[in-house]
Amino acid sequence: MSKNIMDYETVALSEDGRGILIIDQTLLPGRTEIIRLETAKEIWEAIYLLKVRGAPAIGVTAAFGIYILARQIAEACGEKVEFQPFYEKFSQQKDYLNSSRPTAVNLSWALNRMDRVCVQAHENGKAVDEILEILEGEAKEIKEEDIRVCKAIGEYGLSLVKPGDGILTHCNAGQLATCKYGTATAPIYLGQEKGYHFRVFADETRPLLQGARLTAYELSSAGVDVTLICDNMSAMVMRNGWVNAVFVGCDRVAANGDVANKIGTSVVATVARRYGVPFYVCAPTSTIDMATPTGNEIRIEQRPAEEVTEMWYKERMAPKDIKIFNPAFDVTDNELITAIITEHGIARAPYGESLATLFRDRQ
Ligand code: MRU
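Residues numbered from 1 in each chain as written. Predicted model: local features only at pLDDT ≥ 70, side-chain atom pairs only at ≥ 80, totals over all residues. Heavy atoms only, no water.

Q: Describe the sheet that holds strand E2 (residues 20-23), with residues and values.
A: One open sheet accounts for three strands, arranged E1-E2-E3; its pairing is antiparallel. Each end of this open sheet is capped by a strand with a single partner; those strands are strand E1 (11-13) and strand E3 (34-37). Taken pair by pair, the neighbouring strands of this sheet meet at an average axis angle of 25°, ignoring direction. Where E1 and E2 come together, three bridges link them in antiparallel fashion. For Val11, the partnering residue across the bridge sits in E2 and is Ile22. Those strands touched by helix H2 (residues 55-76) are E1, E2 and E3, and its axis lies near 20° from that of E1. (Pairing = 2+ DSSP bridges. Helix = DSSP H or I, 4+ residues; strand = E, 2+ residues; numbered from the N terminus. Axes fitted to C-alpha atoms, helices over the stretch in contact; angles between N-to-C directions. Contact = heavy atoms within 4.5 Å.)

Laid out in structure tokens, this is it:
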């Protein structure tokens with residue numbers, strides 16, 4: 001029997017600890033291929049080209065990435081490895097990986113966490129070979145934490161819906177974007193285990209079709225009742241009364257609760273408000289960036305024009321030389337968001353206060 005996509009690990013450290021194994025998501029759903037990343041360039045490109053994508057999965061890849069690169073740096077230093085030259089190269093590689101995509105804060109969050117652990121270990125008198133072990137442990141912990149966090153988000157999310165509900169989601173904030181459960185899909189998977197029989201609508205998500213290629217694929221593989229719709233159909237399904245709640249993921253939440261997520265998310269939020277459908281953002285605290293005051297300060301990634309004009313088509317579908325605007329993300333204003341669901345609880349407006357309290361209570 002062939003393996004189900006849900007049985008694969010999105011991101012894993014290879015057994016020899018020298019490579020990262022990822023599902024090449026650009027080939028899904030047609031082909032399931034596991035690829036191995038070893039060099040800084042391979043890791044950078046896999047993130048930039050969306051072979052591995054989704055904020056939490058990018059964070060985990062970066063954590064494993066900087067660990068395997070740290071190992072290579074130490075090996076290149078020879079017998080007796082001094083911390084300073086090792087750390088200089090470590091920092092360079094960290095900056096390089098961090099430049100692969102700008103919007104998902106999990107990338108810098110994971111790299112900074114690995115950096116802190118490295119420096120702390122050195123300050124505690126550890127030698128470089130011991131630091132490598134600590135880095136390996138930390139990267140594995142970031143991955144395990146992601147699974148626990150997604151499950152907790154799923155439990156909180158599930159408390160907001162009831163059996164038989166219609167749920168709409170945009171992009172892929174599913175298992176493929178994380179290490180298990182997903183964020184926006186976690187309530188759906190946990191509900192599925194309890195026999196809730198949700199009816200899910202997945203937006204196809206132009207231009208890279210994460211909804212069609214990934215969300216519709218993983219949900220249907222898991223046996224969830226899912227209907228694929230084009231992005232411009234969400235108003236119709238909501239007007240028809242088929243949607244009781246929207247769940248989406250996010251790439252960066254600002255301190256005031258503005259949310260950057262896949263392009264088109266703010267349209268869904270606006271339509272949901274028009275039809276009185278609650279709009280929930282599922283956000284691990286690793287995606288909440290209290291250092292960014294509002295959505296205006298979030299850097300939005302711009303992607304190549306060919307994604308709009310040529311990709312997925314047999315021939316170009318737009319006039320030659322036409323001007324193209326292709327932002328990968330948009331910002332949903334906090335007033336359109338019914339609640340932000342984190343692993344520590346559900347935050348509601350005013351988000352400036354509720355998010356700050358959530359972080360304060362954790363310390
Ligand atoms: O460009 P992508 O595919 O990386 O964008 C992904 C999204 O926008 C997801 O919704 C977000 O990262 C949350 S994943 C749990």
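Q: Break down the environment of Ala235 for me, citing the residues and quoting the values.
A: Its location among the elements puts Ala235 in helix H8 (residues 234-239). In the structure, Ala235 is positioned 127 residues away from Ser108 in sequence and 35 Å away in space, judged by C-alpha atoms. Ignoring sequence-local partners within four residues, the contact set of Ala235 consists of Val271 and Tyr275.

Q: Pulling in residues and values, what's your account of helix H1 (residues 40-48)?
A: An α-helical turn contains 3.6 residues, so a residue and the one three or four places further along point in the same direction. Listed in full, the buried residues belonging to H1 are Ala40, Ile43, Ala46 and Ile47. The buried side chains of H1 occupy one side of the element, clustering within an arc of 135° when seen end-on. Positioned one or two residues after H1, Leu50 has a phi angle of 65°, which is positive. (Buried < 20%, exposed > 50% of the residue type's maximum accessible area, 1.4 Å probe, protein only. Arc of directions from axis to C-beta.)

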